[in-house]
Amino acid sequence: MADTTIRVAAAGDIHCSEAERERVQAGFAGLDSSVDLVLLAGDLTTHGEPEQAAVLADICRGVSPPVLAVLGNHDWHANRTAAVIATLREGGIEVLDRSAAVHEIRGRRVGVAGTKGFVGGFPDAALPDFGEPSLRRVYAETTQEVAALERGLRQIEDCDVRIVLLHYAPTTTTLGREVRGIWAFLGSDRLGRPILDHTPDLVLHGHAHAGAFEGFVGPVPVYNVAVPVTGRDFWVFEVGGNRPETRFERSEARAE
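Note that the structure is a prediction, hence the values are computed from the model and not measured.

(A) Examining the nonpolar core more closely. Of all hydrophobic cores here, the largest spans 28 residues; its most connected members are Phe28, Val38, Leu40, Leu56, Leu88, Ile93 and Phe234. Listing elements by their share of this core, those giving two or more residues are β1 (5-11), α1 (21-29), β2 (37-41), α2 (50-60), β3 (67-70), α4 (81-90) and β4 (93-95). Per element, the largest residue contribution to this core is 5 residues, and it comes from α2. Look past the residues within four positions of leucine 88 in its chain and what remains in contact with it is Leu44, Ala53, Leu56, Ala57, Leu71, Ile93 and Val95. Ile163, Phe213, Val229 and Phe237 belong to the second-largest nonpolar core, a separate cluster that totals 26 residues.

Structure follows, in structure tokens:
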């Protein structure tokens, strides 16, 4: 039987700019030729300038497998996200902005539900939907992200492999050594609710630079693929294959 393992190279927080062009280009050049899909978990740029996005777009024009990405807080900093997204798409990067995509890979339908996520905190330190309108707007923004993730997961429900791509963390289990006082700014357990409801095969996020690599939402494996956490340009996941259940194997895309 032909090999149906899907090889996914993932990274978050690459913080691309002209000054970082050589580093980022070397990372993409180091991808193994067997990689089927590249997923970028936000913070694609340093400060969200279209010129910084153009560097990543230039690099990805020569990449063979599909490159899918979500934005991160750094990509929003200059408040020029429409231009950033347009620039990335010109380079062939498929930006998932509260949306989903399906790709046929090795005869299998691979679905990715992608959205940035947002803040809000976790049990014992969570922002409520109460008080000043400005605080309630923050809560409402997270609500929209949760709803988008729910929609995306419904759209890929019938896929053979289902992946969630976020920037913010949906669980505390991947926050690791991050100071507990800032956990509310690193994600929200509200993002975990649609994950629990739909049990995708894999969840990836970034943002928590001092976080832990492996975690979970219920039975669903969650990985923090921020480059400062993995210590690698990309972490390669092997998904599925000729096995009765979907499993994950990890390997380094490029030895340091």
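(B) The packing of α2 against α4, seen in detail. Contact geometry of α2 with α4 gives a least axis separation of 8 Å together with a crossing angle of 15 degrees. Our classification of the angle between α2 and α4 gives roughly parallel. Of the two possible hands of crossing, α2 and α4 adopt the one that is right-handed. Side by side, α2 and α4 meet where Pro50, Ala53, Ala54, Leu56 and Ala57 of the first sit next to Ala83, Val84, Thr87 and Leu88 of the second. Residue composition of the contact of α2 with α4, by class: 8 nonpolar, 1 polar and no charged.

(C) Geometry of the sheet that holds strand β9 (residues 161-165). Pairing is mixed across the open sheet formed by 6 strands, whose spatial order is β5-β6-β9-β10-β12-β11. What marks the edges here is a single partner per strand, and that holds for β5 (99-105) and β11 (214-217). The sheet shows a mean angle of 25 degrees between the axes of neighbouring strands, direction not considered. Bridge count for β9 against strand β10 (residues 202-205) is 3 bridges, and the pairing is parallel. Looking at the pairing, isoleucine 163 lines up with leucine 202 of β10. Strand contacts of helix α5 (residues 133-155): β5, β6 (108-114) and β9, with the helix running at about 175 degrees to β6, the strand carrying the most contacts.

Conventions and cut-offs
- For every chain, the first residue of the written sequence is number 1, and numbering continues from 1 onward in sequence order.
- Residues qualify for local features only when their pLDDT is at least 70, as the model is predicted, and side-chain atom pairs are given and counted only at 80 or more; totals for whole chains, interfaces and linings, by contrast, use all residues.
- Hydrogens and waters are ignored; side-chain quantities use all the structure's heavy atoms.
- Buried residues of nine kinds, namely Ala, Val, Leu, Ile, Met, Phe, Trp, Tyr and Cys, make up a nonpolar core once their side-chain atoms join them within 4.5 Å.
- The classification of residues rests on relative accessible area computed with a 1.4 Å probe and restricted to protein chains. Under 20% of the type maximum is buried, over 50% is exposed, and intermediate values are partly exposed.
- Helix and strand assignments follow DSSP, with helices taken as H or I runs no shorter than four residues and strands as E runs no shorter than two, numbered in order from the N terminus.
- Only heavy atoms matter for contacts: two residues are in contact if any of them lie within 4.5 Å across the pair.
- In this description, a line fitted to the C-alpha atoms serves as the axis of each element, helices being fitted only across the stretch in contact, and the angle between N-to-C directions of two axes falls anywhere from 0 to 180 degrees.
- Note on angle classes: values under 35 degrees are labelled roughly parallel, values over 145 roughly antiparallel, values of 65 to 115 roughly perpendicular, and the remainder oblique.
- What makes a crossing left-handed is the near helix being turned counterclockwise from the far one by less than a right angle; a clockwise turn instead makes it right-handed.
- Each residue gets one label: Ala, Val, Leu, Ile, Met, Phe, Trp, Tyr, Cys and Pro are nonpolar, Asp, Glu, Lys and Arg are charged, and the others, such as Gly, are polar.
- Only strands joined by at least two bridges in the DSSP assignment are considered to pair.

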